[in-house]
Amino acid sequence: MKYTFEKAEKSTVKVEIKLSAKEWEEAINAAYEKTKGRYSLPGFRKGKVPKHLLEATYGVGVFYEDAINNSFPKYYGEVLDKEPSIEPVANPDVDIKKIDAKGLTLEVIIPVKPDVKLGAYKGIKFNKKEYNVTDEDVEEDIKRLQERNSRMVDVEGRAVENGDTVIIDYSGSVDGVKFDGGTAEKQTLVIGSNTFIPGFEEQIIGMNKGDEKDIKVKFPDDYHAENLKGKDSVFAIKLHEIKKKELPEVTDEFIKDAVGAESLEAYKKEVREKLEKQNSDRAERELEDEMIKKITETSEVEIPDAMIDQQVDHMVQEMEYRMSYQGLKLEDYLKYIGKTMEDYRKEYYPQAQENVKSQLVIQKIIEEEKIEATDADVEERVAEMAKAQDKPVPDVKKNMQARQLDYIKNEIIIKKFFETLKSGNVIE
């Protein structure tokens, strides 16, 4: 095999691979041996037809495609082994430039890791936000604790009020004809939740247990069901039950039972410390995001399309996973919003491009600053994990897989990366 290579546009390398007549013949013979079981001709058992007869019957190029597919990985790998400066970041595009009995010439376009021209990343002034914890923040946390420990109680002796939970039967009709999905029995509805179409819940306010009533509502013009958009409708309502949420009184005893704290004051202190930690972490994350954004904006990099496409693939896949947890399919969602997959992917493109550029800039700074995770760093992190799990360090290390070690090393490197940025810039 002979090859040449040169840099091409948009962070790609163009490689020309030439196979001699002998190498190409060997690739064709290997393809014949691998695929001959597919063929049969009169007078020959399946898999026993001589190669020259198959070529005469189906054409001289009958084995060309398989020969290329089978041999290309070998020769492509040899090129990469001999040229470590070529760092592929995605699968190559392969084009056949010449093919006949005398040999094969392929043009291979390889997307490679692009060069990054860093902007300034030291001596820059950054403002770090401060988020203070107020007494109101602490009280909100306690209110949420009350909500989690609330219970529903029956309401007697009064009509429905906003905020109540009601149990109703309803049956909807348009022009006197009931429609699909418009009827239910013993349906739970929180008044004021705006779960139903506008005007529905408000008309239940004032009803008493056992009351029956017809309410009139108009479906919104943008309602999802075509046959109901903008239509006037009537719902026959029967009210079975009225319930309201009862919150527990906040006492030392309640706090002990709910969260195990010694007293209300002790819990308030815990909450404040927790919120302060959350605010501190939030401020750090926002500062780090702002630093990366500013440094990335002043850096220059020519990103191959394949890298951006891979990032879009990842983002779309993440969305598919999130939807699947809700029992939804992305293809159904796209039909609902009237978009093609191609349109949907285009929406991700700008963010994907920004993400890839940020990653490349981070990697470049890590290289420039020679940031690494030493054995001592890894040992220290593993010891922290062992302590948190209340296990001996050897036990934790014994069960650790290679990908977990890689994750730990990357975690250490990124931590050191941000420490380097923060120490090299002005933070106010």
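That block above? That's the structure.
The present account deals with the structure reproduced in this document.

Secondary structure assignment for the protein chain yields twelve helices and 13 strands. Counting only C-alpha atoms and orienting by the principal axes, one finds that the protein chain spans roughly 100 × 65 × 45 Å. Going through the 428 residues of the protein chain one by one, you find that 34% of them count as buried. Taking as baseline every contact in the protein chain between residues at least 6 positions apart, the subset at least 24 positions apart corresponds to 66%. Surface accessibility of the protein chain: about 27300 Å² in total, with carbon and sulfur atoms responsible for 47%.

Moving on to the nonpolar core. The biggest cluster of nonpolar side chains holds 41 residues, and the ones touching the most others in it are Ile295, Ile303, Tyr344, Tyr348, Leu360, Phe417 and Leu421. Among the secondary structure elements, those contributing two or more residues to this core are helix H6 (264-297), helix H7 (305-325), helix H8 (330-337), helix H9 (341-368), helix H10 (375-389) and helix H12 (402-424). Of all hydrophobic cores here, the second largest spans 28 residues; its members include Leu19, Leu54, Val62 and Tyr76.

This part takes up the layout of surface pockets. What the largest pocket holds in volume is close to 440 Å³. As for the largest pocket, its lining consists of 20 residues, and the residues nearest its centre are Lys7, Val112, Lys113, Pro114 and Asp115. Contributions of two or more residues to the lining of the largest pocket are made by strand S1 (2-8), strand S2 (12-19) and H9. For the lining of the largest pocket, the element with the most residues is H9, which contributes four residues. Residue classes in the lining of the largest pocket are distributed as nine nonpolar, four polar and seven charged.

Next up on the list: the environment of Gly199. Within the secondary structure, Gly199 is located in the loop between strand S9 (177-190) and strand S10 (212-218). Gly199 gets classed as partly exposed once you look at its relative accessible area, which sits at 23%. Residues Gly199 and Phe219, 20 residues apart in the sequence, show an inter-C-alpha distance of 9.5 Å.

Relative orientation of the contacting elements H7 and H9 amounts to 115°, with a least axis distance of 7 Å. Like other packed secondary-structure pairs, H7 and H9 cross with a definite hand, here right-handed. Residue-level inspection shows Asp305, Met307, Ile308, Asp309, Gln311, Val312, Asp313, Met315, Val316 and Met319 of H7 in contact with H9, the latter providing Met341, Tyr344, Arg345, Tyr348, Tyr349, Gln351, Ala352, Gln353, Asn355, Val356, Gln359 and Leu360. Here the residues of the contact of H7 with H9 are counted per class, giving 13 nonpolar, five polar and four charged.

With 21 residues, H7 extends 31 Å between its outermost C-alpha atoms, agreeing within 8% with the 30 Å of an ideal straight helix rising 1.5 Å per residue. Along H7, the residues that are buried comprise Met307, Ile308, Gln311, Val312, Met315, Val316, Met319 and Met323. Among the structural elements, H8 and H9 are those in contact with the buried residues of H7. The positive-phi residue at the C-terminal boundary of H7 is Gly327, with phi of around 75°.

Taken in spatial order, the four strands line up as S1-S2-S4-S3 in an open sheet, and their pairing is antiparallel. The sheet is open, and its two edges are formed by S1 and strand S3 (93-100), each paired on a single side. Neighbour-to-neighbour, the strand axes of this sheet turn through a mean angle of 15°, independent of strand direction. With seven bridges connecting them, S3 and strand S4 (residues 103-111) associate as antiparallel partners. Bridge pairing links Val94 to Val108 in S4. Sitting on the sheet, helix H1 (residues 21-35) touches S2, S3 and S4, and the angle it makes with S2 is about 90°. Lying over the sheet, helix H3 (residues 64-82) contacts S1, S2, S3 and S4, oriented at roughly 120° with respect to S2.

Quick look at the pairing of S1 now. Examined bridge by bridge, S1 and S2 share seven bridges and lie antiparallel to one another. The residue of S2 that forms the bridge with Thr4 is Glu16. The antiparallel pairing of S1 with S2 creates a hairpin that spans three residues between the two strands, and Lys10 there sits at a positive phi of about 50°.

Let us look at the packing of H6 against H12. Packing of H6 against H12 brings their axes to within 11 Å, and their N-to-C directions diverge by 75°. The angle between the axes of H6 and H12 places the two elements in the roughly perpendicular class. Between H6 and H12, the contacting residues are Glu284, Leu287, Glu288, Met291, Ile292 and Ile295 on the first element and Phe417, Phe418, Leu421 and Lys422 on the second.

Evaluation of the coordinates by the stated rule reveals one cavity of 30 Å³ or more. Considered as a void within the structure, the largest cavity measures approximately 40 Å³ in volume. Lining the largest cavity are Ile17, Leu19, Ile68, Ser71, Phe72, Tyr75, Leu104 and Leu106. Where the lining of the largest cavity is concerned, the elements lending two or more residues are S2, H3 and S4. The element contributing the most residues to the lining of the largest cavity is H3, with four residues. By residue class, the composition of the lining of the largest cavity is seven nonpolar, one polar and no charged.

The rules behind each value
- Residues numbered from 1 in each chain as written.
- Predicted model: local features only at pLDDT ≥ 70, side-chain atom pairs only at ≥ 80, totals over all residues.
- Heavy atoms only, no water.
- Helix = DSSP H or I, 4+ residues; strand = E, 2+ residues; numbered from the N terminus.
- Buried < 20%, exposed > 50% of the residue type's maximum accessible area, 1.4 Å probe, protein only.
- Contact = heavy atoms within 4.5 Å.
- Areas by Shrake-Rupley, 256 points an atom, 1.4 Å probe, with all protein chains shown as cover.
- Core = buried A, V, L, I, M, F, W, Y, C linked by side-chain atoms within 4.5 Å.
- 1 Å grid on protein atoms, 1.4 Å probe; cavity = no way out; pocket = protein on both sides within 12 Å on 5 of 7 lines; lining within 4 Å.
- Points joined across faces, edges and corners; volume = space filled by probe spheres on them.
- Nonpolar A, V, L, I, M, F, W, Y, C, P; charged D, E, K, R; others polar.
- Axes fitted to C-alpha atoms, helices over the stretch in contact; angles between N-to-C directions.
- Left-handed = near helix turned anticlockwise from the far one by under 90°.
- Expected span 1.5 Å × (residues − 1).
- Pairing = 2+ DSSP bridges.
- Parallel < 35°, antiparallel > 145°, perpendicular 65-115°, else oblique.

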